[in-house]
Every structure is written in structure tokens, then in C-alpha cells.
2 protein chains.
Amino acid sequence: MRAERGLLARDVVAVSAGPDLFADALVTQGARVTRVDWHPPAMERELAALWRDDVDAANREALARLLAAHQVLIDVRPAIEVIPGMARDLILHAGPPIEWTRMSGPLRGAVVGALLYEGLASTPDEAARLAAAGGVRFEPCHHHAAVGPMAGVTTASMPVFVVENRARGNRAYSTLNEGLGKVLRYGAFAPEVIERLRWFRDILGPALGEAIRRTGGVDVRALIAQALQMGDECHNRNRAASALLIKALAPHLASLDLPPPERARILAFAAGNDHLFLNVGMAACKAAADAAHGLPRSSLVTTMARNGTQFGIRVSGLGDRWFTAEAETPVGLYFAGFGAADANPDIGDSAITETAGIGGFAMGAAPAIVEFVGGTPADALRYTRLMYEITLGENTAYRLPPLDFRGTPTGIDVRLVMQTGILPQINTGIAHREAGIGQIGAGLVKPPRACFESALRALVAERRGG
Amino acid sequence: MRAERGLLARDVVAVSAGPDLFADALVTQGARVTRVDWHPPAMERELAALWRDDVDAANREALARLLAAHQVLIDVRPAIEVIPGMARDLILHAGPPIEWTRMSGPLRGAVVGALLYEGLASTPDEAARLAAAGGVRFEPCHHHAAVGPMAGVTTASMPVFVVENRARGNRAYSTLNEGLGKVLRYGAFAPEVIERLRWFRDILGPALGEAIRRTGGVDVRALIAQALQMGDECHNRNRAASALLIKALAPHLASLDLPPPERARILAFAAGNDHLFLNVGMAACKAAADAAHGLPRSSLVTTMARNGTQFGIRVSGLGDRWFTAEAETPVGLYFAGFGAADANPDIGDSAITETAGIGGFAMGAAPAIVEFVGGTPADALRYTRLMYEITLGENTAYRLPPLDFRGTPTGIDVRLVMQTGILPQINTGIAHREAGIGQIGAGLVKPPRACFESALRALVAERRGG
């Protein structure tokens, strides 16, 4: 009894989970209450079926492959030469499969631009008719070991970065980043956009390819690890990573056999694009995620991607099936003159960064990003801390100085998402909903919960079937 | 009475300053005690004489000039062409004035190397004899609008960065950074050291100068502001700033009329030197500090510099007088095979960074630096917070994301240092005490308190005299 009195004489703090009623009652009595955002998990029966040793074992192997990835940038080549299954009449796009009629404005705009660029149509109207009439095929980048930011449109003659995962030998691909302003990935197809893509094809792509080959390969894993200690999270902030990439390639670019103004133009373009590295980083994340894909029973998420209409995820143990739902619209900061009413729903393959444990999951390393996506540096740390709740491990390569060098939360588990009710935190650019306008802001977004619900059901069904 | 009871029923926390006796007594009674590291200020009478409106007014103007500095990197030129008062028989060095007989090992080594490099001696022995016999003159860099890291030795034919403070038109100068390993600034004078300096003079310096002129000037203030949001504090961590500098210059370096391998060598040297930016940043800080110097009555510190034997400070209102004391030895982390017994006392002009509000004062922005200088990321934040106690303002250009974008603590006030007993926090490289060995570690160091005591006395004497 004396011990109890001693206890109560001290400072008492209550922790309240569930309905606010209890917390409110304590507050009115002057008690300090910490409210915990916890709710009983939905789909308890399905979850119970999946907390099993065999799922854990499959996840351990999937996570080990994700963490072991050692990505090296080895080349830039035309897509047709390197991307498996690439064809002249094939247009790769971001996110899950989608047909022309359901495509959003920015994706349609990018398709039109790509058809003009490839010479398959000579006017935007002709391009749109060709696309609508089935004159070209559409497939997700993700079905071809590729990823693309925003619209993600990739066609045969576009030069692509080639990233090799030396741990397992698989490769992944992504286009060259065009910078900001009027660019294909945000659905613009003005003449300047097409002109830039032709310069990529004729000059920039071959020059980068030659420079990269001369380096013997750029260690992308090491570069990302450095950039995370330099204020990048490598999704919406790539300033350090881009500068490090330029630093690695500049000696080789400077000695290429090109006219001096062309060498200067290449390096000026690179220096003027703070997202130069984004596509390289995305290909590196794709190479890691692909290595972790295809392990029976595993509930590890290996894809999160959006086509501007739907959000889709794929799961290691569920083969090539997509689990989709209507994409949400990011909440964030808009450029002057734009607002939420102008925003397209979430779009792009760039959530491959969060899938691999960087991007929104590493925001704690990038406090300055809040000036771009909104919130405070404390929020950025909070997002990272929260993601440990839904991930299977901590990254061994990517460490966060503000968290005493703890590894980034890596490897989203469908079970943990449903058990905790915590959704993955993605940060992203915001596209205008009409074709041709471009980026209008940046912000935060989450996948629809329904993607994880249907994936969870499929994991249970797969057990019963198998 | 009821109010008092209510007060005491709540959580009581004691704050204890001064002798530990009181805090200890409270702790034994189970109270929570926050101990404050405060002591009654030394030299109370002198301080009382200086807490005056005229000193405050002079300090406001000095701080305004320090904060208004807008530094632009405009050129690289041979020292003899640009440094005021430079001469063929003059050797500039770091820190306060010192003669050959009192010089430490690394400073002597650098002098020997410089005499060999300039062709004023043909063997190390001959160089040492020449220096000892008064065959050359020694003066501080600081007397010539220049600064140099570590030994800081600067001679006539060395190329130097030219940084202009556009706010007041004054310029400052610093040599090119040699990278790590065997380098002159740590007292090495092996043939490879001299060879590198000759390549600087003949190729690198002219190439950088031409590239910088073609840019029309690199905004160093903006570059530092960016780097502080990229994990640098711009004294011992310059990785981001160096990459940003390369990014700015690469387009112009790549189009210079030089043989391709020489262009590649220049950019490879730059890319391989994570301290490439250090000397540029130091010149920028010197340009700001010089602008704030020479205001009668002002107690603002405008120089903190070490020659390897003594630490010296200068104060805005006290003209060209140095206030010196024996330099302390940094405490930090040593490279494998070295320890504290090998360390030279504190050396170099690089504490100009702390003088201008970056370096140790901005460590909160650079948590990863603790892997290099020791401590934890929390310590780094603590050092920055503490420096607000002894500075007159917060930097308007340099903002720290982890502190919610608060400006760095800027403008050390001799009065505040003596009033609080808190000494400026410097982080620094550690040189081997013998000539020719080089860097053996990095760590933290403070100026001797005696420098500030004598400056405080001089400020009081100046009042009485005037």
C-alpha cells in the first residue's frame, strides 16, 4: 500500500488507445494523456492465417535479397537494344496496366509526345487517333524490368540507364530525366519537348553511355548511401545524388571527342537538373525489388506504382498480379497559380523508391524537403520512424545520421500494413490533370488501403489453393 | 495557500546553478534537478565597463556588415598578381605572427616545401638554413586579406582563389586545396608534393581561373547556404559544397582548349578531393570578417587563427593587434596507427569559418561529421545551440533544417564569451607534430580563454585611452 501511494504521488501519465471517450475523460480530470493511434486490426481472420513460419521464412529470404542488392550503373543504351521485350510499336507507361480510354490527361499527353518523337504520328490529333485505334500497344514499364517517373512513357529509341544488380545479375532500366518545366513525363508534347528528346537520343544518351562505360561502372548503392547523408531522400530531393553523379562522370564527359560547345551543353544540362539522378535511383530500386520478387508465400511488397488513374501494388509471393484501386490525390504545396483543383491523381513508378526503403521512408534524412512537400522537419523524422512499424528490416547500406545512423525502414509487409493500419508514406511530384501543362507542386500521398486488403485476401487464397 | 498546495502537488523540477552541493542535496530527496553549467563571470568589473550603448551600437554595425557579405568567386590568379603586398621573398603563413625558431614541425615543413617549390632553395637543408638566416620574410596570411588551412603557407607563384564581397567591394584570397595524404599544408615537402604544386601553377590554376571567369562568378554565399542543407558544415565536411562547385565549373572546364587527358585530369582531381571547396569557403568567410573589422568600440571577434604554436584572435574595435596564447591540442579521432602523442597543437586559419558562423557553429546541420571528429549527432546539435549564447545574431543566409531553419549562430562577442564562460567550438583537422607526415586525425578544439581575457582588458583600456 505504501508503494502504491508512492507511485501515485509521482507524476502519472496515461496512455489511451482506441475511442477518444476515455482520453477525454482523463483530460478533464487534469491528467496528462498520450493518445495512441491504434485500432483493432481489420481482417483479423485473414491475418491469423498468415502469421506463419513459412511466410516468415519466405519474407526473410525476400528481405535478404532486397537488402543484398548491389546496384551499379553500367551503361546508357537505346531502349530497343536492352529492355527485354521492347518493340517499335510498344509504349511502356508507369503504374498498373491501363487502356487509352481510362488514361489520365498527363499520361495521354506523354503518349502523344512519344508518338510524335518516334515519328509514328505527325500531329497530336493523329497521335491520339492512332493510340485510340489500337495502332500501338501499351504495357507497364514494370513488366519489362523498367520504371519511369510520372507518366513513365518509354519508347524504342529513347536512351535508358542500365543498372545491374551485381548480387543477382538482374538488370533494370529507366529513361533519362528531362528536368523541370515542359517535359514529357508530365504530359507535355510541345516542339521543345520533342527536340530535347531527340538531343537525348542523338547526343546526350550516347555521351553518357560512353562516359559511364569508361568509369567501369558507377556504384549506385554507395552513391545513394552518401546522398542520404547529404540531405536527399532520393525521391523528391536528388540534389546531392545528382551532384555526386556529375562528379563521377565529369572527368569522362570532359574528354569525349565532341565539339567543345556540345561537351559544355551536356554538363550544363546535367548541372541544371537537380533530378538528374532520380531515374538512376529508381532503376536501382527496381533492380533490388525485382530480385526480391517471386518467392512463394512471401508477403513482401515488391511494387507500388500509379498510372494516374489507379494505384497498384505487387507482392513477392503473388506473381505478376496487380492489386489496384483508384489513385488518391497528393496533399502538398502548389506552385504559384495552381491549387488542389488542378491536380491529377497520384502518378508514376517513382514509389519504387519507398518500396526499396528510401524516398518517403528516408525523409528523416532530408529535413529541407519539407520546404517542397510541406510540413516541418519534425514531421519528416516522424514519417521515417512510423515506417519501421510496417517494414521487415532496416537497410544495411542506407543509414540516417539524424537517427544515430539507424538503417532506413525497408521491406513493406502486407501483413504489417493491415495489422497496424499504417499505410506506406510516399512523397511525390504533383502533375496538372490536363495534358501538356506539367508539374504544379509536390506533396505527400498514401496508397489506397484497398490494394493491401485485396493482396492480403489473395495471400490467404493462395495458401488454400496450394 | 490553496494555490501553493496545488503548485507543489504537481511535478516539481529544480534548476541548480553553481556549486554541485545544492543539486546533490535535492537529488538525495528524490527531486528532479537540471544542472546548469554556469559560474559567476570572471572579470566582472571589466565586463561592467563594456555593457554600454556605444559598444552595442558598434557591434550592431559590425554584425550587419558580417551578415550582409555577399561573396562571389571571381577568379584564380597567381598570388603575386592579386594579394596586396605579396612579394617574391615573402612567405605567408596561418595564424598570428611567428618567427622561424618558434614554428612547429608542420609549419616548418611547409616553409621548406614552399622554398623548394619556388626554386629559392634546392634541398630541404638549404631551405631550412635560408629560413633560419632571415633570407625570407614571414607574415600572417591574415595581414594580406588571405587565409590558408593548416600551415597556410602561401608564396608568390601559387595560384589563389579570388573571392569578392559584393556588399562592400573587398576581396579575400586562399590557395587551392591539395586533397589529403602528403600535402604542403600538413608540412609535407616530398617531390610529389612539389610536383603537384607545379601542376597547380601551370595547369590547374589557369584552367580554374578561365572556367570561373566564364561563369561570370560563382555565388559562394548561395553555395554555402545549399551545402548547409546537404550535411556540410563547411569546415571539416565540404563534400556537398565541393560537388556543387564542380557542378558549377564542369561545363566550362569541359570546353577548355586543353588536351582531353588534361581536362579529364583536372576534373578527376576535383572529384577526388572532398575538401576542394574548403579554401573557397575560407576566403568567403575572410571577406565577410574583414568587412566587419575596424569599427571603433566593437567587441566582435573578426579573426581566430592558429600558427601551430599559438592561437590568436583579433577584434573589430582593436585594429591589427593579436591576442594570443599557447594553442591547445584538439581532442578527436585518429587515423589508424596514430594517437594523441603524435598530434601537433591546433594549427590553421580555418577557424575563420567559425568566426563567420559556419564550421563548428553549424555542426547541427552536419550530423554525419561525428564519424570524423567524434561524438554523436546529438552532440553536434548541442554545440550549435550553445554557440547562440556567445554570438550577436543569427545568420540570414545560412539556415539549419534540423533547427527548423534557424540561422546559424554568427558574430562572436568577446563580452558574451567572458560573461558566459562559453568558448567558441571549433572543429579541425589534426596534423602530425613532425614535418612531412601529414594529417593524422580530426577533432574538436577551443581557443584558450586567455585570448578573450586579454582582448577584454584591451577593450577597457581602449575606452580609457579614448
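**Q** Run through the overall build of chain A, naming residues and quoting values.
**A** Within chain A one finds 17 helices and 17 strands. On C-alpha atoms alone, chain A measures out to a radius of gyration of 23 Å, which is about the 23 Å that the 2.2 N^0.38 rule sets for 466 residues. Along the first, second and third principal axes, the C-alpha atoms of chain A reach 90 × 45 × 45 Å. For chain A, contacts bridging at least 24 residues in sequence account for 73% of all contacts bridging at least 6.

**Q** Just give me the short version of unusual backbone geometry, but keep the residues and values in it.
**A** Phi at Phe405(A) is positive, roughly 65°, even though this residue is not glycine. Relative to the helices and strands, Phe405(A) is located in the loop between β14 (391-400) and β15 (406-412).

**Q** Explain the domain arrangement of chain A to me, using residue names and the numbers behind them.
**A** Looking at the assigned domains, one finds that chain A contains domain 1 (2-36), domain 2 (44-65 + 293-465) and domain 3 (69-282). Spacing between the C-alpha centres of domain 1 of chain A and domain 3 of chain A amounts to 55 Å.

**Q** How would you summarise the environment of Leu223(A) if you had to cite specific residues and measurements?
**A** Residue and element names in this part refer to chain A. Along the chain, Leu223 turns up in helix α9 (residues 220-228). A residue is classified by how many C-beta atoms lie within 10 Å of it, and Leu223, with 24 of them, is buried. Linking Leu223 and Glu81, residues 142 residues apart in sequence, is a C-alpha distance of 26 Å. The contacts of Leu223, once residues within four sequence positions are left out, are Val218, Ala241, Leu244 and Leu245.

**Q** Which residues make up the packing of helix α6 (residues 105-117) of chain A against helix α7 (residues 124-132) of chain A, and what are the values?
**A** Residue and element names in this part refer to chain A. At a minimum axis distance of 9 Å, the contact between α6 and α7 shows a crossing angle of 110°. When the interaxial angle is binned, α6 and α7 end up roughly perpendicular. Two secondary-structure elements touch here, α6 through Val111, Val112, Leu115 and Leu116 and α7 through Pro124, Ala127, Ala128, Leu130 and Ala131.

**Q** Mind laying out the interface of chain B and chain A, listing which residues take part and the relevant values?
**A** Facing 31 residues of chain B, the contacting portion of chain A comprises 31 residues. Those elements that provide at least two residues to the side of chain B that touches chain A are α10 (239-254) and α11 (260-271) of chain B. It is α10(B) that contributes the most residues to the side of chain B that touches chain A, 12 residues altogether. For the side of chain B that touches chain A, the per-class residue count stands at 21 nonpolar, 5 polar and 5 charged.

**Q** With reference to specific residues and values, describe helix α4 (residues 53-68) of chain B.
**A** Residues and elements named next belong to chain B. Between its terminal C-alpha atoms α4 stretches 22 Å, which fits the 22 Å expected from 16 residues at 1.5 Å a residue. Within the sequence span of α4, burial applies to Val55, Asn59, Ala62, Leu63, Arg65, Leu66 and Leu67. At its buried positions, α4 is contacted by α3 (44-50), α12 (278-291), β14 (391-400) and β15 (406-412).

**Q** Would you mind going over the pairing of β15(A) in detail, with residue names and values included?
**A** All names here are of chain A. Within β15, 5 of the 7 residues are buried, which leaves it mostly tucked inside the rest of the structure. Judged from the 5 bridges that link them, β14 and β15 form a sheet pairing that is antiparallel. When the sheet's bridge partners are listed, Thr391 is paired in β15 with Ile412. Connecting β14 to the next strand, β15, in antiparallel fashion are 5 residues, including Asp404 with a positive phi near 55°.

What counts, and at which threshold
Residue positions within a chain follow its written sequence, with the count starting from 1. The naming scheme follows written order: chains are lettered A onward, ligands numbered 1 onward. With pLDDT at 70 or above as the cut-off, local features in this predicted model cover only qualifying residues; side-chain atom pairs require 80 or more to be listed or tallied, and sums for whole chains, interfaces and linings still use all residues. Secondary structure elements follow DSSP: runs of H or I of four or more residues count as helices, runs of E of two or more count as strands, with numbering from the N terminus. For the radius of gyration, the atom set is restricted to C-alpha positions; the globular benchmark scales as 2.2 Å times the number of residues to the power 0.38. With C-beta atoms placed from the backbone, a contact is any residue pair whose C-beta atoms sit within 7 Å. Each domain span listed reflects an automatic or database assignment of domains. With C-beta atoms placed from the backbone, the exposure class of a residue follows from how many other C-beta atoms lie within 10 Å of its own: 20 or more, buried; 12 or fewer, exposed; in between, partly exposed. For helices, the fitted line uses only the C-alpha atoms of the stretch in contact; every axis is such a line through C-alpha atoms, and the angle between N-to-C directions lies from 0 to 180 degrees. For classification purposes, an angle smaller than 35 degrees is called roughly parallel, one larger than 145 roughly antiparallel, one from 65 to 115 roughly perpendicular, and anything else oblique. As a working rule, the residues Ala, Val, Leu, Ile, Met, Phe, Trp, Tyr, Cys and Pro are called nonpolar, Asp, Glu, Lys and Arg charged, and the rest polar, with Gly in that last group. Expected helix span is given by 1.5 Å per residue-to-residue step, counting one fewer step than there are residues. What makes two strands pair is DSSP finding at least two bridges between them.

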